[in-house]
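Summary of structural features
The primary structure of each chain is shown beneath.
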Amino acid sequence: MRIRRILAAVSATAALAGLGLAGAAAAATAATAATAQGAPSYVTPSQCEEGGGTPRIDLPGNPCKGGKYDGQSVD
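Now for a description of the structure that goes with this document. (Residues numbered from 1 in each chain as written. Predicted model: local features only at pLDDT ≥ 70, side-chain atom pairs only at ≥ 80, totals over all residues. Heavy atoms only, no water.)

Per the secondary structure count, the protein chain includes two helices and four strands. When contacts within the protein chain are restricted to residue pairs at least 6 apart in sequence, those whose partners lie at least 24 apart make up 29%. Accessible surface, the protein chain as shown: approximately 5700 Å² in total, 62% of it carbon and sulfur. (Helix = DSSP H or I, 4+ residues; strand = E, 2+ residues; numbered from the N terminus. Contact = heavy atoms within 4.5 Å. Areas by Shrake-Rupley, 256 points an atom, 1.4 Å probe, with all protein chains shown as cover.)

Set out below in structure tokens:
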């Protein structure tokens, strides 16, 4: 009788732990997807300047240097 109660408590704990891990994995996946979709792949020269940067079209990859869009390509 005592063993049944112990086994029931262990299985309930394991089930709840499994749900917690599944929830954490789903939250991490959602956070990664939101980050990947948040920023555009390029900015205009005026967007770069308005964001506090300088468009450097003379450098490879035409990056925006400094400011909000630092490192993004200028198109």
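Within the largest apolar cluster, five residues are counted, these being Val-43, Cys-48, Cys-64, Tyr-69 and Val-74. The residues touching Cys-48, leaving out its near neighbours within four places in the chain, are Val-43, Gly-53, Thr-54, Pro-55, Cys-64, Lys-65, Tyr-69 and Val-74. (Core = buried A, V, L, I, M, F, W, Y, C linked by side-chain atoms within 4.5 Å. Buried < 20%, exposed > 50% of the residue type's maximum accessible area, 1.4 Å probe, protein only.)

A word on the environment of Gly-53. Structurally, the position occupied by Gly-53 is in the loop between helix H2 (45–50) and strand E2 (54–55). Under the relative-accessibility criterion, Gly-53 is labelled buried at 9%. For the pair formed by Gly-53 and Pro-63, sequence separation is ten residues and the distance between their alpha carbons is 9.7 Å. When near neighbours in sequence (up to four residues on either side) are disregarded, Gly-53 contacts Cys-48, Cys-64, Lys-65, Gly-66 and Gly-67.

Looking now at the state of the cysteines. Overall, the coordinates contain one disulfide when judged by the stated rule. Note that Cys-48 is cross-linked by a disulfide to Cys-64, the S-S spacing being 2.0 Å. Taking the torsion about the sulfur-sulfur bond, which here is approximately 90°, the covalent link between Cys-48 and Cys-64 counts as right-handed. Linking Cys-48 in helix H2 with Cys-64 in strand E3 (residues 64–65), this pair joins segments that are 16 residues apart in sequence. We classify Cys-48 as buried; its relative accessible area is 0%. Classification of Cys-64 by relative accessible area gives buried; the value is 0%. (Disulfide = S-S within 2.5 Å.)

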